[in-house]
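Descriptive analysis of the structure
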Amino acid sequence: MHHALRGAAFGLAIAAGFASPLAAKTLVYCSEGSPEGFNPAFFTAGTTFDATSRQVFDKLVQFERGTTKIVPGLAESWSVSEEGLEYTFKLRKGVKFHTSKTFKPTRDFNAQDIIFTFERQWKSDNPYHTVSGGAYEYFNSMDMPKLLKSIEAVDDYTVKITLNEPEAPFLANLAMDFMSVQSAEYADQMAKAGTQTKVDQEPIGTGPFQFVGYQKDAVIRYRANEAYWGGKAPIDTLVFSITPDASVRYAKLKAGECHVMAYPNPADLAAMKTDPTINLMSQEGLNVGYLAFNTEKAPFTDVKVRQALSMAVNRDAIIEAVYQGAGKKAKNPIPPTIWSYNDKVEDTKYDPEAARKLLADAGFPNGFETDLWAMPVQRPYNPNARRMAEMVQADWAKIGVKVKIVSYEWGEYLRRTKDGEHQTMLMGWTGDNGDPDNFLYVLLGCEAVGSANRARFCYQPFNELLIKAKRTPDVAERTKFYEQAQVVFKEQAPWLTVAHSVVYEPIRKEVKNYKIDPFGGHIFYGVDIN
Amino acid sequence: MFRFFLTRFSLIIPTFIGVTLLTFALIRLVPGDPVELMAGERGISPERHAELRAAMGLDKPLLVQYGDYILNVVQGDLGNSVVTRTPVLDEFMTLFPATIELSVCAILFAMIVGLPLGILAAVKRGSIFDHSLMGISLTGYSMPIFWWALLLILLFSVNLGWTPVSGRISVMYWVEPVTNFMLIDALLSDEEGAFSSALSHLILPAIVLGTVPLAVIARMTRSSMLEVLGEDYIRTARAKGLAPLRVVAQHALRNALIPVVTVIGLQVGVLFAGAILTETIFAWPGIGKWLIESVARRDYPVLQGGVLLVAAVIMIVNLLVDLTYGVLNPRIRHGGH
């Protein structure tokens, strides 16, 4: 109610044409879609995380805004035991959960909230495990049930987590959206009232913004958390105006109906660059678009064939035509914004003549026939897979390799390529947690054959490096392993790495301190407007 | 009359079964798997995949699935959305008023503008006005909604700043949903300016959605009027020396309107179809956008339930129209006896 009144007062002030200097600062973000729900643990879509974990919740550790660096969140500090199995977190004191119409916290955040957050997703006997349909997709796909051995509250402000095996990327997992810390007290109160699902519909967190209300498919409203432990956000009200069409989002930005917009049309970028009211920010995304060879199927079992076909593709032309300049040629499977990126790796040169020779060496002087699968949908790492496939087709034809382009409905495409029906295919990846393991092991590790490893690449020397890097918590040591792994990757060429796409964020000139999130999110804590 | 009602009503049941069967079968004929779409590039282990499909009830044989579905529908349970996990009926009740609000405004706009234009064109038959009007209405009829909407937005919202670009109300207002009709809720909210803000947000989408019906109504009115104006009784009325305005308004229009009203009734389907695009462009939180998204995400319960509910609404409207005809025209009521 208080908020409604303030909104009304502000509306009045605008209507009467005098905005008082004390008027609340409202930032409007034109988002591209509706959140699936308000408990980030259930979902995997960035749109949902933007509306939940990135504004309303905190995690034990978090990513420093605009980077992939892990910094303290609700844990002030942490230590890892020597063998890498025990993680001990010292929790921040005096942190308050939000207060809403249905919930007034009687205590500060403590270890019980961390335990609840883990156990709800982990333990099937937790009373909340099946509330709102259960299914904790990210928790499961990051292999948390396999990793976790136990979690205990040493005291109110100390939590000890024990793993089954050393896993260095674990810390980065904790900074991910699905690990948003929920209030155990809120859950208890709702359970007593018999309204458990409220926990997932009216989120209560400790984050910089407090959820006010959602009008389905239209608007989400938040207000700044006055008691935020990191200090109150410079803006007072945050509004998500859900606008599915990119051209309309741009029109709203121009008309001043929103301050920040998501996902511009590539075709509008040129106009945005010259628009005096708009500041077009850009940054390389945490992604990679690649062409995978099915390394289990002949002739792609032969390294020479894979290298020859890689050399035959003119990626500069692809970046020009498919990414319309909004892409950077990729030489490694991980993007340069991730630590351990090995800049010393020499990129594959476009050389059809050498490719033809190499192919002849491999026993195919006249080339061969193959298929190339192309995604039917636009993805952040590949704006037009069909076009890319056609260009690769033309390039390979020059060395005698005849290509049939194959495409299926997206779900079907994902399933069939996971099962390895393809010979070569286009795919890509957007990073989850900024750890090199999240690209290298998830996409190219032996264990991932049959799921995300669509090249079905299982090369022991490579895999061993990745396992070693997982086992040591020491970042310097891990960096060495990953740098080496990238060299091996290049020699083995299970993929032709095509590009890292560039993310564009148009914001109005009056918006200050906005930072592009490498994970593709939209984070408004710390953002101000003049 | 009661028998007429019964026969009409009994026809609804097979239609209903047909609709459920069709939506159920069609969405399953389209390849794609909600679980696979959810997992995305990461992929999902076969065990987990089976587990999730079982949780959605997709592991059972199709006939059993259909039987379960019908059993639940009869009990008023349309299931929960696979994506948002909320009941389909709740989502529909939240979103449908927005679609009605927009459709009603669009048809009002089409009638208020289309009828007078059609009459004028008929009265001034053969004039430049008539020719240009019919030309324009043909253009309106063939206008691609998407392009037309963006054009209006760029002109009126971005360049002139007269109307808001999209949405249902300015984000400065937070109107508590009571009826989910924004105009009514805005009035109830006591927030000054909320109603006019809601109204201004309706202008462009209503014009865009109303454009095709407007063209149809204008052309229909014109031809219907021309026909009536050629009748003997009109000549008689003119011969009696009645004022031209009175001849047109009282004698001709009333008779000419009958086919026009029928055509307006037929525009309901056109409006629903047009609402899908219009809602997407204007970020209008109605059922059009909701249904389209459910196809993309293979959200079976939403698609099945949503289409069923829309079909139910159209069937009820048709039943009411039929009953009204029955009341108005005894020949229909008695089945032609």
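Since the model is a prediction, treat every value here as computed from it, not as a measurement. (Residues numbered from 1 in each chain as written. Chains lettered and ligands numbered in written order. Predicted model: local features only at pLDDT ≥ 70, side-chain atom pairs only at ≥ 80, totals over all residues. Heavy atoms only, no water.)

Observations concerning the pairing of strand β8 (residues 209-215) of chain A
Residues and elements named next belong to chain A.
- The buried fraction of β8 amounts to 5 of the 7 residues, a majority that puts the element mostly inside the structure.
- Where β8 lies against strand β9 (residues 219-224), 6 bridges are found, and the strand directions are antiparallel. Within β9, the position partnered with Tyr-214 by the bridge is Ile-220.
- As consecutive antiparallel partners, β8 and β9 are separated by 3 residues, and within that stretch Asp-217 has a phi angle of approximately 60°, a positive value. (Buried < 20%, exposed > 50% of the residue type's maximum accessible area, 1.4 Å probe, protein only. Helix = DSSP H or I, 4+ residues; strand = E, 2+ residues; numbered from the N terminus. Pairing = 2+ DSSP bridges.)

A few points about the UniProt feature "transmembrane region" (unreviewed entry) in chain B
- On the UniProt side, "transmembrane region" (unreviewed entry) is annotated at positions that read residues 12-30, 100-123, 144-162, 198-218, 256-287 and 307-328 of chain B here.
- Taken end to end, residues 198-218 of chain B has its terminal C-alpha atoms 28 Å apart, with 100% of it in helix and 0% in strand. (UniProt positions renumbered as here; feature names shortened; annotations may be inferred.)

Some words on the packing of aromatic side chains
All names here are of chain A.
- Evaluation of the coordinates by the stated rule reveals 39 aromatic pairs over all chains.
- Measuring from ring centre to ring centre gives 5.0 Å for Tyr-228 and Tyr-525, while their planes differ by 75°; the resulting arrangement is edge-to-face. With Tyr-228 in the loop between β9 and β10 (237-242) and Tyr-525 in the loop between β19 (511-512) and β20 (528-529), this residue pair connects regions lying 297 residues apart in the sequence.
- Residue Tyr-228 is classed as buried on the basis of its relative accessible area of 8%. (Phe/Tyr/Trp six-rings, centres within 6.5 Å; stacked < 30°, edge-to-face > 60°.)

Points about the domain arrangement of chain A
- The domain architecture assigned to chain A consists of domain 1 (23-33 + 207-277 + 509-529), domain 2 (58-198) and domain 3 (287-503).
- Computed from C-alpha atoms alone, the centre-to-centre distance between domain 1 of chain A and domain 3 of chain A is 35 Å. (Domains from an automatic or database assignment.)

Quick word on the packing of helix α11 (residues 303-311) of chain A against helix α13 (residues 352-361) of chain A
All names here are of chain A.
- In the contact formed by α11 and α13, the axes pass within 8 Å of each other and the chain directions differ by 160°. As judged from the angle between their axes, α11 and α13 are roughly antiparallel. Between α11 and α13 lies a crossing whose hand is left-handed. Facing α11, whose interface residues are Lys-304, Val-305, Gln-307, Ala-308, Leu-309 and Met-311, α13 presents Pro-352, Ala-354, Ala-355, Leu-358, Leu-359 and Asp-361.
- Taken together, the residues of the contact of α11 with α13 break down into 9 nonpolar, 1 polar and 2 charged. (Axes fitted to C-alpha atoms, helices over the stretch in contact; angles between N-to-C directions. Parallel < 35°, antiparallel > 145°, perpendicular 65-115°, else oblique. Left-handed = near helix turned anticlockwise from the far one by under 90°. Contact = heavy atoms within 4.5 Å. Nonpolar A, V, L, I, M, F, W, Y, C, P; charged D, E, K, R; others polar.)

Here's the deal with the UniProt feature "domain: ABC transmembrane type-1" (unreviewed entry) in chain B
- As annotated by UniProt and renumbered to match this structure, "domain: ABC transmembrane type-1" (unreviewed entry) occupies residues 96-321 of chain B.
- Secondary structure content for residues 96-321 of chain B is 79% helix and 0% strand, while the C-alpha to C-alpha distance between its ends is 21 Å.

Thoughts on the pattern of salt bridges
Residues and elements named next belong to chain A.
- Inspection of the entire model under this criterion finds 43 salt bridges over all chains.
- Between Asp-217 and Lys-216 there is a salt bridge, and its shortest N-O distance comes to 3.8 Å. The same class applies to Asp-217 as to Lys-216, namely buried.
- Ionic pairing is found between Arg-508 and Glu-510, a salt bridge with its closest N-O pair at 2.9 Å.
- Since its relative accessible area comes to 25%, Glu-510 is described here as partly exposed. (Salt bridge = Lys/Arg side-chain N within 4 Å of Asp/Glu carboxyl O.)

A word on the sheet that holds strand β5 (residues 86-91) of chain A
All names here are of chain A.
- Taken in spatial order, the 4 strands make up an open sheet running β4-β5-β7-β6, and their pairing is antiparallel. Two strands in the sheet have a free side with no partner beyond their single neighbour: β4 (75-80) and β6 (148-155). Ignoring which end each strand starts from, the neighbouring axes of this sheet average 20° apart.
- As judged from the 6 bridges shared by β6 and strand β7 (residues 158-163), these two strands associate in the antiparallel manner. Note on β7: the bridge partner recorded for Asp-155 is Thr-158.
- Packing of helix α3 (residues 111-122) onto the sheet brings it into contact with β5, β6 and β7, and relative to β6 it is tilted by some 160°.

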